[in-house]
Amino acid sequence: MKPKILIVDDKVQNLVALETLLCDLDVEFVRALSGNEALQKVLEHDFAIALIDVQMPEMDGFETVELLRKIKKTKYLPVIFVSAIYSENYYRIKGVESGAVDFITKPIIPEILFGKVKIFLGIYEQKLQLEEEIKRRIKIENELAESEEKFRTISTSANDGIIMIDSNDNIIYCNIAAEKIFGYKENEIVGKTLDRIIRSGKHHDTFINALRKLKKKEKSTIADKIIELTAIKKNENEFPIELSLSSVKINKEWNAVGIIRDITERVQANTKLQKSEAKYRSIFELSPEAIVLADQFGTIIDTNDRLFDWLGYESKSVIGKKLFKLPFLPKESSKRIIENFHKRMAGKEVLSYELDFITKKGEKRIGLVLASPLKNGKGRISGDLILIPDITERKADEELKGMLIKQLETVNLELKEFAYVVSHDLKAPLRGISTLAEWILEDYTDKFDTEGKEQLRLMISRAHRMHNLIDGILQYSRVGRVKEDKERIDLNILIPEIIDSLNPPENIEIVLDKNLPEINLEKTRIQQVFLNLISNAIKYMDKPKGLIKVGYEDKKEKWEFFIQDNGPGIEKKHFEKVFKIFQTLQSRDKMESTGIGLTTVKKIIKLFNGDIWLESELGKGTTFFFSIPKKHIEEIEI
């Protein structure tokens, strides 16, 4: 790039004249017709020298130079004033004071102007060269410092040991990792010879000779290679290492840098791997299921004998063949293998599908193919491990099971229809018997003695019991079968409504916890639960002043409700009996009950994945507890 000269004059002919006088110089001229324009140009370009006219309108040359000296970029820019008018010493001195290096008056002597400009161009070139040299040296120093810092950082943070040895095999440097590997401090290991800490066992002499050749720049078996040796720690324990030695020159002296890695874990891992491979081979060969190993192209690379035991073929005859070209696969099975091979290539991890096989005798067998990817060190799929259990019998069992399930569904449907028909056919005559008995008792009451009247009342009671029993059985059969939409239920509203419908006697007080929770559930089901439990507490109350409490406890993941009474209590041996269908603790003639209510309650709670239990003491009362998981209140489908 050519050096640039700034020429400033308000008259274009003067600018042209200056360019003509200096045309032999290999430079680029940049013109400015005013001081302001000159200030703008110095911001856009780098100049070797500026030739400025003194007399210019608005801003003269002196003012322009004074402003240039205030700009950091042009503080030391050489400026020569060129004037046709001002030639007195006063102006020359003023020019120098304003920051100019020379003052030339017209008529200009071309040789003088040319010579002076050439001198400043030379100074400018030297300045540029000096700056480049400074930059180059700074760069070298920075690179050297960076290199040293990198070496220190790498050496300090490296997991591998780094040592340097001189021409006498003495260790002259070691990093922290080397200290840890050998158990020495740096001042303990520096100065020792290499063969004091590295022992190559039976190959010791070979290693020493190879090291000598390396010093002499002869062909050596250890130059720039990784070799395995035996080393010794400070505590005299031997351990395996990897060593890589490379020659370097430092101050024209031979040195070597060694990279040392403790491979104890790797050697142990290899030993374990060999044992593991032996175990794997045993499992592979003795597995009761067929195992096939295939590469990423679907070529079989290994297999055990199980698949071929039930197919009647020789297992080793398929090694090297494509999976989909095996002789015992029907056409459709081959197509399916190809389809799933493409899925594997698309990245699907585990594949599971059924395949038909044809035995050597022509019989059809069914195998479940379970293909799991084998990956290389880079995490890419390199093949498949395929497990193929024979599921022929299982499939037959599943088909039989499916057929039985369909038959069971048909039977259940028939039972459901039968239950409704029977309940209707039973209820109708029961209502007739009950109504007829009530009419007879009412119309012919004077015809019966006391025993006769009691027998009629007993008939009516047992007809009602039978009616309630049929209703109870129907309700029990509907639980879990008839679905109802869930809704948000405020128990502070629902439970009082249940209590009002039961119309408890005046001697029984029912107390509710404040702020019962809101739950999202099937209203009819939860209503049945509270209705049965509260009505039982009322029905069996034997105290002149009965007290029933209904409450709950928030157990974080579930609601736990309780219905407590001060009634007669239940013996512990009957705790399970009360939940069994048709079981009652008192004679039905003494206390009317179907024995279905608590069984229905338990079935509903179990459908909610909850639990129900009781605590009781004879003569003091009973507490029924039941829990409902909160998440199942939101998620369960009944």
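So, here is what we can say about the structure in this document. (Residues numbered from 1 in each chain as written. Predicted model: local features only at pLDDT ≥ 70, side-chain atom pairs only at ≥ 80, totals over all residues. Heavy atoms only, no water.)

**Structural notes on the sheet that holds strand 4 (residues 79-83)**
Spatially, five strands are ordered 2-1-3-4-5 in an open sheet, and the strand pairing comes out parallel. The strands lining the two open edges of the sheet, one partner per strand, are strand 2 (28-32) and strand 5 (102-105). Each strand axis lies, on average, 20 degrees off the axis of its neighbour in the sheet, ignoring direction. In this structure, strand 3 (residues 49-53) lies alongside strand 4, joined through four bridges in parallel fashion. (Pairing = 2+ DSSP bridges. Helix = DSSP H or I, 4+ residues; strand = E, 2+ residues; numbered from the N terminus. Axes fitted to C-alpha atoms, helices over the stretch in contact; angles between N-to-C directions.)

**Focus: the packing of helix 16 (residues 523-539) against helix 17 (residues 597-607)**
Closest axis-to-axis distance for the helix 16/helix 17 pair is 9 Å, and the angle between their directions is 145 degrees. The hand of the helix 16/helix 17 crossing is left-handed. Residues Arg525, Gln528, Val529, Asn532, Leu533 and Asn536 of helix 16 pack against Gly597, Leu598, Thr600, Val601, Ile604 and Ile605 of helix 17. In terms of residue class, the contact of helix 16 with helix 17 is made up of six nonpolar, five polar and one charged. (Left-handed = near helix turned anticlockwise from the far one by under 90°. Contact = heavy atoms within 4.5 Å. Nonpolar A, V, L, I, M, F, W, Y, C, P; charged D, E, K, R; others polar.)

**Focus on the layout of surface pockets**
Rolling a probe over the atoms, with the probe sized like a water molecule, indicates the empty space that remains. The computed volume of the second largest pocket comes to approximately 370 Å³. Taken together, 17 residues form the lining of the second largest pocket, with Phe47, Lys73, Leu77, Tyr124 and Lys127 sitting closest to its centre. A total of six residues in the lining of the second largest pocket trace back to one element, the largest contributor, which is helix 5 (residues 110-157). (1 Å grid on protein atoms, 1.4 Å probe; cavity = no way out; pocket = protein on both sides within 12 Å on 5 of 7 lines; lining within 4 Å. Points joined across faces, edges and corners; volume = space filled by probe spheres on them.)

**Let's talk about empty space enclosed by the protein**
Overall, the coordinates contain one cavity of 30 Å³ or more when judged by the stated rule. Considering only enclosed or pocket space, the largest cavity measures out at about 200 Å³ in volume. Forming the walls of the largest cavity are 21 residues, and the residues nearest its centre are Leu323, Ile337, Tyr353, Val369 and Ile386. Sorting the residues of the lining of the largest cavity by element identifies helix 12 (331-345), strand 14 (351-358), strand 15 (364-375) and strand 16 (381-388) as the ones contributing at least two each. In the lining of the largest cavity, the residues fall into 16 nonpolar, two polar and three charged.

**With respect to unusual backbone geometry**
Backbone geometry at Glu58 places phi at a positive 65 degrees, although glycine is not the residue there. The residue Glu58 is located in the loop between strand 3 and helix 3 (61-70) in this model.

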